[in-house]
Amino acid sequence: MEEVRYAVQERQALVTIDRPRARNALSPAVIQGLMEAVSRAEADPEARVLVLTGAGDKVFCAGGDLGQMGEGGFLATHEGRRAYAQLLSRLQGCRKPTVARLNGHALAGGLGLVLACDLAVAAEHAELGTPEIDVGLFPMMVMALLQRHLGRKRALELVMTGDRLSARDAVGLGLINRAVPAAELDAAVGALAGKLAGKSQAVLALGKRAFLTAEDMPFPLALEFLASQLSLNTLAEDAAEGISAFLAKRPPEWKDR
């Protein structure tokens, strides 16, 4: 059975980590499967949004598979960790919008997947955290994303204590966008993904790339860079269409270019 499932419904590519008995842990096969799923969604004309979730209703992803740690020797294990880092970068850089659907707990490397997605919606029973410290490890790669989501004190508290956050607390800290009752999760994710699917894919991709590029720039350089990106944006066919539609008081007909 494949450990990563891919299906398209209502213009949304649903990518599911399917290892419920292993708490949807990140095996090498899962990491490779997720990399392939991102590429597949980008190339799929039927998919306008990628939704990432886990099988079952208890765990989104519990992080790395500790049972497989060390298999193949030190260098192979190190390459496996680099593959996870590459997955975070690939997921964050996906040209199409990404939404994490937290059906349950997102821990350790699983939290990294959530933070690498553009938006995230969680069932209220989900918990988020980096418990690696409790087994003598530190959430090294996940920290790169936590540093960009949280202030220093809150990020260090999370990684140094290993404490878990409730979904509601995670919303308050800006780690996820919404927390809803489990029975409302699909509707909430569907509504959010549906909004994204209805936007110009070309402009979303341009804007997302500009956002990520400017994130680490000094403020004056960021403003200069973003001014150039806005000038580029105005040359897009969808910009002309959007303005024409606004003036004519009609829905835009996006060409995605």
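These numbers were taken from a predicted model, which means no experiment stands behind them.

Asker: Got a minute to help me understand the domain arrangement of the protein chain in this structure?
Answerer: In many reports, interface size means the accessible area that the parts give up when they come together. If you check the domain split of the protein chain, you get domain 1 (4–197) and domain 2 (201–248). Measuring from the centre of the C-alpha atoms in domain 1 to the corresponding centre in domain 2 gives 27 Å. Opposite the 13 residues of domain 1 that make contact, domain 2 presents seven residues. Both faces combined, the contact of domain 1 with domain 2 buries some 740 Å², and carbon together with sulfur accounts for 44% of it.

Asker: It is not clear to me how the sheet that holds strand β7 (residues 119–123) should be interpreted in this structure. Could you clarify?
Answerer: Backbone-to-backbone hydrogen bonds join strands into a sheet, with any given pair of strands oriented parallel or antiparallel. As summarised here, the arrangement of the six strands in space is β1-β2-β3-β5-β7-β10, forming an open sheet in which the pairing is mixed. A single partner strand is all that each edge strand has here, and the edge strands are β1 (4–9) and β10 (178–180). Strand-to-strand twist in this sheet, taken as the mean axis angle between neighbours without regard to direction, amounts to 20 degrees. Pairing of strand β5 (residues 98–102) with β7 involves four bridges; the strand directions are parallel. Across the sheet, A100 pairs through a bridge with A120, a residue of β7.

Asker: Even after reading the chapter, I still don't get the nonpolar core, so can you show me in this structure?
Answerer: What tends to happen in soluble globular proteins is that the nonpolar side chains get buried as a cluster. By size, the foremost hydrophobic cluster in this structure holds 49 residues, and its most contacted members are L34, L102 and L113. Among all residues touching L102, those that are not within four sequence positions of it are F60, V114, A120, V121, A122, A123, A126, L128, I176 and L185. V51, A123, L185 and L192 belong to the second-largest nonpolar core, a separate cluster that totals 13 residues.

Asker: Can you help me understand the pattern of salt bridges in this one?
Answerer: If the charged atoms of two oppositely charged side chains come close together, the side chains can form a pair. Per the stated rule, a full pass over the model turns up 13 salt bridges. Between D118 and K208 there is a salt bridge whose closest N-O contact spans 3.0 Å. Residue D118 is located in the loop between α3 (109–116) and β7, and its partner K208 is located in helix α8 (residues 201–215); the two are separated by 90 residues in the primary sequence. The residue E157 makes a salt bridge to R154 at a minimum N-O spacing of 3.6 Å. Of this pair, E157 and R154 both sit in helix α5 (residues 152–161), three residues apart, which is roughly one turn of that helix. You can call R154 partly exposed: its relative accessible area is 42%. Here the residues in one salt-bridge network are E42, R90 and R95, joined through shared partners.

Asker: Before we go on, may I ask you to explain helix α1 (residues 28–43) in this structure?
Answerer: At 3.6 residues per turn, the α-helix brings residues three or four places apart onto the same side. The terminal C-alpha atoms of α1, which comprises 16 residues, lie 23 Å apart, in line with the 22 Å expected from a rise of 1.5 Å per residue. Considered for burial, the residues of α1 that qualify are V30, I31, G33, L34, A37, V38, A41 and E42. Residues of α1 that are buried in the fold lie against β1, β2 (12–17), β3 (49–54), α2 (74–92) and α3.

Reading the values: the criteria
- Residues numbered from 1 in each chain as written.
- Predicted model: local features only at pLDDT ≥ 70, side-chain atom pairs only at ≥ 80, totals over all residues.
- Heavy atoms only, no water.
- Domains from an automatic or database assignment.
- Contact = heavy atoms within 4.5 Å.
- Buried area = accessible area lost by both parts, 1.4 Å probe.
- Pairing = 2+ DSSP bridges.
- Helix = DSSP H or I, 4+ residues; strand = E, 2+ residues; numbered from the N terminus.
- Axes fitted to C-alpha atoms, helices over the stretch in contact; angles between N-to-C directions.
- Core = buried A, V, L, I, M, F, W, Y, C linked by side-chain atoms within 4.5 Å.
- Buried < 20%, exposed > 50% of the residue type's maximum accessible area, 1.4 Å probe, protein only.
- Salt bridge = Lys/Arg side-chain N within 4 Å of Asp/Glu carboxyl O.
- Expected span 1.5 Å × (residues − 1).

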